[in-house]
Amino acid sequence: MTDQSQLPEAELAALADGSLPADRRAQLRARIEASPELAAALGEQERTVTMLRALDEPAPAGLRDRVREMTDGAAQTRGPRRAARWRRSLFVPAATALAVAVAALVVLLSGGGSSSPTVLQTAHLALAAATSPAPSEDPAHRDLLRLRVGGIAFPYYGRTAGWEATGARTDTIGGRRVVTVFYTARGHRIGYAIVSGAPLPAGGGTLVTRGDVTYWLQHAHGAELITWRQAGHTCVIAGHRVIPRTLLALAFAEEIQAARATS
Amino acid sequence: VRRLDPKSLGQHLDVLYRAAWGLCGSREDAEDLVQETYARVLARPRVIREDERAYLMRAMRNTFYSRLRTASRRPQEAATLEDIEPADPRAGNRPDRAAEFGEIMQAISELPEDFRLAIVAVDVLGLSYGEAAKALDAREATITTRLYRARQRIAKQFDDSPQSGEGSAAKRSLTVKENR
């Protein structure tokens, strides 16, 4: 049995990863040659270092995209001061051009003259990166989070279904607020978005009716999404690599929870 | 002392992701941890005094603790949804490597927390002992001791694991590397 206190642990660790100063190396090597125990201890250190330094698993593409979106956004809002001065001189025409471009994009994406977001735009947000922490659990309703849009509270799926809320974001499209909460479970991520104001036109895909509620199942942006109306608002749940049945179960759970919260 | 450039942070993503996996023990938690770390760091302008990677390690450690605290406040029942697609598209391309990486990260995540942080900071992220000590608010001597013991445990686990046949993917990989 090795007595840890007798081993020059720090020096063995440093020798194994190459950070031991040269003047100490020769002396320690001499000790190791005379001690099978030290040699074995160094071997363990070296094997682990070799193994860990050989790891080259890249980050998943989805995470890379989300991080790039965040770093690009932060870089755009924080240019150097010199650039800020330069920008000011061009601010009015640039802002005008940007506003026109964004307005045109929204009109194009919404497929007509309406400035309301479309279901697909909402789904896009539900698949985007979180920009703020997840809301906390509502102590008054243990199946809900403390975040509401138009009286609809976001569900807390953690206790019943294992989907933990991990982040949120708020966007405005065409003057309509779109609030999204993101949930993860077993390596899968979904976004649950609620659009403020009147319900959005919905259609296409597969229809599932449960009670008085109609759910539209669609495939878009490489993801599955489900749309339904609740308390006069449009709700969208979307996720990559999550089958529609799972999304539907979560949508049903939300409907049940909402009924409990308002009863 | 300099301002943190958001644009330069993307270059650390891969290594930060591996470090996060070592801390959390799962790919999905690692993704969330990395994303939340970046969101926190980028939430406002930062002035840093150390290497960017060391700064990110410190931010990730703080985020990791914050997530642990949040999770501990939420009582959970066992997840019962069985109908989630289990497929990992990357595993289909190189199943051996995916298994190997997962095994190693799993082993790291099972180390005591102090050991885990030390080995992730030095051997996965590539920080110097001094940088790791600063990022983890510990003395350099403490870091080296924790590192030594963490490496020792990992080595023993892969050397002694009672796998059948040829052994685990990670052990096979280790053998190949040693025979080169």
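Residues numbered from 1 in each chain as written. Chains lettered and ligands numbered in written order. Predicted model: local features only at pLDDT ≥ 70, side-chain atom pairs only at ≥ 80, totals over all residues. Heavy atoms only, no water.

## Some words on the packing of aromatic side chains
All names here are of chain A.
So, point 1. This model, assessed by the stated rule, comprises eight aromatic pairs over all chains.
So, point 2. Measuring from centroid to centroid gives 5.0 Å for Y157 and Y183, while their planes differ by 55 degrees, and the two rings are tilted. Of this pair, Y157 sits in the loop between β3 (152-155) and α8 (158-161) while Y183 sits in strand β5 (residues 176-185), placing them 26 residues apart in sequence.
So, point 3. Between Y215 and W228, the aromatic rings sit 5.7 Å apart at their centres with planes inclined by 40 degrees, giving tilted as the arrangement. Taken together, the residues span a long stretch of sequence, with Y215 in strand β8 (residues 213-220) and W228 in strand β9 (residues 223-230) at a distance of 13 residues. The burial state of Y215 is the same as that of W228; both residues are buried.
So, point 4. A connected cluster of aromatic rings, assembled from ring pairs, spans F154, Y192, Y215, W228 and F252. (Phe/Tyr/Trp six-rings, centres within 6.5 Å; stacked < 30°, edge-to-face > 60°. Helix = DSSP H or I, 4+ residues; strand = E, 2+ residues; numbered from the N terminus. Buried < 20%, exposed > 50% of the residue type's maximum accessible area, 1.4 Å probe, protein only.)

## Structural notes on the confidence of the model for chain B
Residues and elements named next belong to chain B.
So, point 1. Chain-level pLDDT for chain B is 77 on average; 72% of the residues reach the 70-or-more range.
So, point 2. Of all the helices and strands in chain B, helix α4 (residues 89-93) carries the lowest mean pLDDT, 38, while helix α6 (residues 113-124) carries the highest, 94.
So, point 3. In the predicted structure, residues 161-167 sits below a pLDDT of 50 and forms five contacts with residues beyond four places in sequence or in another chain.
So, point 4. Scored below 50 in pLDDT, residues 171-180 shows 16 contacts in the model against residues more than four places distant or in partner chains. (pLDDT = per-residue confidence, 0-100. Contact = heavy atoms within 4.5 Å.)

## Quick look at the packing of helix α2 (residues 22-33) of chain A against helix α3 (residues 36-53) of chain A
Residue and element names in this part refer to chain A.
So, point 1. One way to put it is that α2 packs onto α3 with a least axis distance of 7 Å and a crossing angle of 120 degrees. Between α2 and α3, the angle is such that the two are oblique. Across the interface between the two elements, R29, R31 and I32 of α2 pack against L38, A39, L42 and E46 of α3.
So, point 2. In the contact of α2 with α3, the residues fall into four nonpolar, no polar and three charged. (Axes fitted to C-alpha atoms, helices over the stretch in contact; angles between N-to-C directions. Parallel < 35°, antiparallel > 145°, perpendicular 65-115°, else oblique. Nonpolar A, V, L, I, M, F, W, Y, C, P; charged D, E, K, R; others polar.)

## Examining the sheet that holds β3(A)
All names here are of chain A.
So, point 1. Across the sheet, which stays open at both edges, the three strands sit in the order β1-β2-β3 with antiparallel pairing between neighbours. Each edge of the open sheet is held by one strand with a lone partner, namely β1 (137-138) and β3.
So, point 2. The pairing of β1 with strand β2 (residues 141-149) spans two bridges and is antiparallel. Opposite D138, over in β2, you have H141 as the bridge partner. (Pairing = 2+ DSSP bridges.)

## Observations concerning the nonpolar core
So, point 1. One finds Y38(B), M57(B), I108(B) and I119(B) to be the most contacted residues of the largest nonpolar core, which totals 71 residues.
So, point 2. Here this core takes eight residues from helix α1 (residues 13-24) of chain B, the largest share from any one element.
So, point 3. Apart from the residues lying within four places of it in its own chain, the contact partners of Y38(B) are V67(A), M70(A), T71(A), L9(B), G10(B), H12(B), L13(B), L16(B) and L56(B).
So, point 4. Formed by 30 residues, the second largest nonpolar core is a distinct cluster that contains Y156(A), A185(A), Y215(A) and L250(A). (Core = buried A, V, L, I, M, F, W, Y, C linked by side-chain atoms within 4.5 Å.)

## Here we look at the interface of chain A and chain B
So, point 1. Each side of the interface is counted separately: chain A has 66 residues, and chain B has 62 residues.
So, point 2. Between chain A and chain B lies a buried interface of about 5800 Å² when both sides are counted; carbon and sulfur atoms form 54% of it.
So, point 3. At the boundary of chain A with chain B, the tally comes to seven salt bridges.
So, point 4. In this structure, the salt-bridge partner of K7(B) is D72(A), at a minimum N-O distance of 2.8 Å.
So, point 5. For the pair chain A and chain B, the interface holds 18 residue pairs in polar contact (both at pLDDT 80 or more).
So, point 6. When grouped by side-chain class, the residues that make up the side of chain A that touches chain B number 32 nonpolar, 15 polar and 19 charged. (Buried area = accessible area lost by both parts, 1.4 Å probe. Salt bridge = Lys/Arg side-chain N within 4 Å of Asp/Glu carboxyl O. Polar contact = N/O pair within 3.5 Å; in protein donor to acceptor, adjacent residues only side chain to side chain.)

## Let's talk about unusual backbone geometry
All names here are of chain A.
So, point 1. Even without glycine at this site, A231 takes up a positive phi of about 50 degrees.
So, point 2. Here A231 shows up in the loop between β9 and β10 (233-239).
So, point 3. With phi around 55 degrees, R241 is a residue other than glycine that occupies positive phi space.
So, point 4. Summarising the element assignment, R241 is placed in the loop between β10 and α9 (244-262).
So, point 5. Using a relative accessible area of 29% as the deciding quantity, one classes R241 as partly exposed.

## Remarks on the sheet that holds strand β6 (residues 188-195) of chain A
All names here are of chain A.
So, point 1. Pairing is antiparallel in the open sheet, where seven strands are placed in the order β4-β5-β6-β10-β9-β8-β7. In this open sheet, the two edge strands, each paired with only one partner strand, are β4 (164-173) and β7 (206-210). With direction set aside, neighbouring strand axes in the sheet form an average angle of 20 degrees.
So, point 2. Direction of pairing for β4 relative to β5: antiparallel, over a ladder of nine bridges. The residue bridging I173 from the neighbouring strand is R176, located in β5.

## Observations concerning the pattern of salt bridges
So, point 1. Using the criterion set out here, one finds 17 salt bridges over all chains in the structure.
So, point 2. Across the salt bridge formed by E31(B) and R66(A), the nearest N and O atoms sit 3.0 Å from each other. Placement of the pair is E31(B) in helix α2 (residues 27-41) and R66(A) in helix α4 (residues 61-77), with the two residues belonging to separate chains. Taken individually, E31(B) and R66(A) each receive the classification buried, so the pair is uniform in this respect.
So, point 3. Of the charged contacts in the structure, one is a salt bridge between E50(B) and R58(B), with a shortest N-O distance of 2.6 Å.

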